[in-house]
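# Summary of the model geometry
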Number of protein chains: 2
Amino acid sequence: MRISVLATRTEVSVGTIKFYLREGLLPPGRQTSRTTAEYDESHVERIRLVRALTDAGGLGIAAVRRIIAVIDAPDPQRLDVLATAQDALTGRVDPEPDDSAASVGRAHSWVAARGWPTGPGDRVVERLERAWEACEQAGVHVEDSMMDDYADAVEQVARVDVAAVPPGADDAVRRVVVGTVMLEPVLSALRLLAQRAISVQG
Amino acid sequence: MRISVLATRTEVSVGTIKFYLREGLLPPGRQTSRTTAEYDESHVERIRLVRALTDAGGLGIAAVRRIIAVIDAPDPQRLDVLATAQDALTGRVDPEPDDSAASVGRAHSWVAARGWPTGPGDRVVERLERAWEACEQAGVHVEDSMMDDYADAVEQVARVDVAAVPPGADDAVRRVVVGTVMLEPVLSALRLLAQRAISVQG
């Protein structure tokens, strides 16, 4: 299909599609003349993914580019899928690693005590460290035992996440990365609804 | 303490403190002369809260103002705490209610089938509706049964949330509103760690 048809199909303007092409978020179409190119269903799907990540996912262009690079990487190793996905995701929101942060902070000790796999310079643990510290600053005190209660609950969420990962490596990367980002607002809405349901019960 | 001391204590510039005062995020100090005012520990605590909400919580000034209005409201009714908190929180991120959205969408049916309390024009359910739809658009298919699995897990999260609400009404509002916002990044980091832990287990 021509770029104008692609624009109609996806409800995204031709100008925006050209921007995605320039930014490398969308692979080029098949050139049919010096000025025209043909696009196919894979372009429709990719544009929908980019829109979902930027609109509902709230990601910036750089983050979307990183996620797409993970998805498009040739033949990713099955075992690396999760690590790659997590790197792309923590890279998206985290500032430069903060050298001043104690690397043996509260979150590190807590994760180690829980027996969850971790290592030096673990960016996800550093993220937990900052988020936990921010709670305390805001006057929301979270004891270690309460963090364990949350962790028990979130392990159940993660079981659902992991069970949904399809067997093929390509699909797996896509599902883990996109699912982790896109399901955040779903889980956030569920939490408000569940808080309400539980309060009503008594 | 003088405003300069308040700035040192909170590591926030005098200019920013004046901005918070103008924006109504910080109550005025006790005027001691035409040009100077005295501030106390409540101002230190309030500035830390504002910083936590804007920095780690990622909220804009308007959202912080709404949350502070809920916290400062005189004698909030105990039973209204959760509703008020949820209104402040969904108001913060949601656009104007979209009249074009079908009010009997998939999320509405699912919430009703689950037996969770809801009503017409429920903003939290509308939020779930949009987030679920965005997942589908991004190619992340979430069946009703999978949503139930997530809901079972998130109910456990909400039980921890609700158990942490202190008995006093003032503290309750603060805890629910601030806790719901500030714990989001904590839960998000826990999810990545738990995904990893579960994948390693096999």
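Provided above is the structure to which this section pertains.
This write-up is about the structure you can find in this document. This structure is a prediction, so every number in the text was calculated from the model and none was measured.

What follows deals with the nonpolar core. In terms of nonpolar packing, the biggest core is built from 61 residues, with A:Met182, A:Leu190, B:Trp110, B:Trp116 and B:Leu128 touching the most fellow members. Considering every element that reaches this core, the biggest residue donor is helix H9 (residues 169-201) of chain A, with 14 residues. Those residues in contact with B:Leu128, other than ones at most four positions away along the chain, are A:Val186, A:Ala189, A:Leu190, A:Leu193, B:Ala107, B:Trp110, B:Val111 and B:Met147. Formed by 60 residues, the second largest nonpolar core is a distinct cluster that contains B:Leu26, B:Ile47, B:Leu190 and B:Ala197.

Where charged atoms of side chains with opposite charge meet at close range, the side chains can pair. Taken as a whole and assessed by the stated rule, the structure comprises 20 salt bridges over all chains. Of the charged contacts, one joins A:Arg191 and B:Glu184 as a salt bridge, the two residues approaching to 2.9 Å between their closest N and O atoms. With A:Arg191 in helix H9 and B:Glu184 in helix H9 (residues 169-201), this pair bridges two chains. Across the pair, exposure class does not vary: A:Arg191 and B:Glu184 are buried alike. A salt bridge links B:Arg65 to B:Glu23; the shortest N-O distance between them is 2.4 Å. Note that B:Arg65 is positioned in helix H4 (residues 61-72) and B:Glu23 in the loop between helix H2 (14-22) and strand S1 (30-31), a separation of 42 residues in sequence. What makes B:Glu23 partly exposed here is its relative accessible area of 26%.

Moving on: the packing of H2(B) against helix H3 (residues 41-54) of chain B. Residue and element names in this part refer to chain B. Where H2 contacts H3, the two axes come as close as 12 Å, and the packing angle between them is 90°. On the basis of the axis angle, H2 is roughly perpendicular to H3. In this structure, H2 uses Thr16, Ile17 and Tyr20 to contact H3, whose residues at the interface are Ile47, Val50 and Arg51. Considering only residue class, the contact of H2 with H3 consists of 4 nonpolar, 1 polar and 1 charged.

Let us look at the interface of chain A and chain B. Listed per partner, the contact involves 70 residues of chain A and 70 residues of chain B. When the two sides are added together, the surface that chain A and chain B hide from each other amounts to roughly 6,500 Å², 70% of it contributed by carbon and sulfur. Summed over the shared surface of chain A and chain B, the number is 6 salt bridges. Here A:Arg196 makes a salt bridge to B:Asp122, at a shortest N to O gap of 2.7 Å. Counting the contacts that link chain A with chain B gives 18 residue pairs in polar contact (both at pLDDT 80 or more). The set of elements that each furnish at least two residues to the side of chain A that touches chain B consists of helix H3 (41-55), helix H5 (81-93), helix H6 (106-114), helix H7 (123-137), helix H8 (144-163) and H9 of chain A. Sort the elements by how many residues they give to the side of chain A that touches chain B and H9(A) lands first, with 25 residues.

Superposing chain A onto chain B requires a rotation of 180° together with a translation of 0.0 Å along the rotation axis, leaving an RMSD of 0.1 Å. The two molecules are tied by a two-fold rotation axis, judged by turn and shift. Within chain A, the C-alpha atom positioned nearest to the axis of rotation is that of A:Ala153, 2.8 Å from it. Most of the interface of chain A is mirrored in chain B, where 100% of its interface residues again form contacts.

Conventions we followed
- Residues numbered from 1 in each chain as written.
- Chains lettered and ligands numbered in written order.
- Predicted model: local features only at pLDDT ≥ 70, side-chain atom pairs only at ≥ 80, totals over all residues.
- Heavy atoms only, no water.
- Core = buried A, V, L, I, M, F, W, Y, C linked by side-chain atoms within 4.5 Å.
- Buried < 20%, exposed > 50% of the residue type's maximum accessible area, 1.4 Å probe, protein only.
- Helix = DSSP H or I, 4+ residues; strand = E, 2+ residues; numbered from the N terminus.
- Contact = heavy atoms within 4.5 Å.
- Salt bridge = Lys/Arg side-chain N within 4 Å of Asp/Glu carboxyl O.
- Axes fitted to C-alpha atoms, helices over the stretch in contact; angles between N-to-C directions.
- Parallel < 35°, antiparallel > 145°, perpendicular 65-115°, else oblique.
- Nonpolar A, V, L, I, M, F, W, Y, C, P; charged D, E, K, R; others polar.
- Buried area = accessible area lost by both parts, 1.4 Å probe.
- Polar contact = N/O pair within 3.5 Å; in protein donor to acceptor, adjacent residues only side chain to side chain.
- Least-squares fit on C-alpha atoms with pLDDT ≥ 70 in both.

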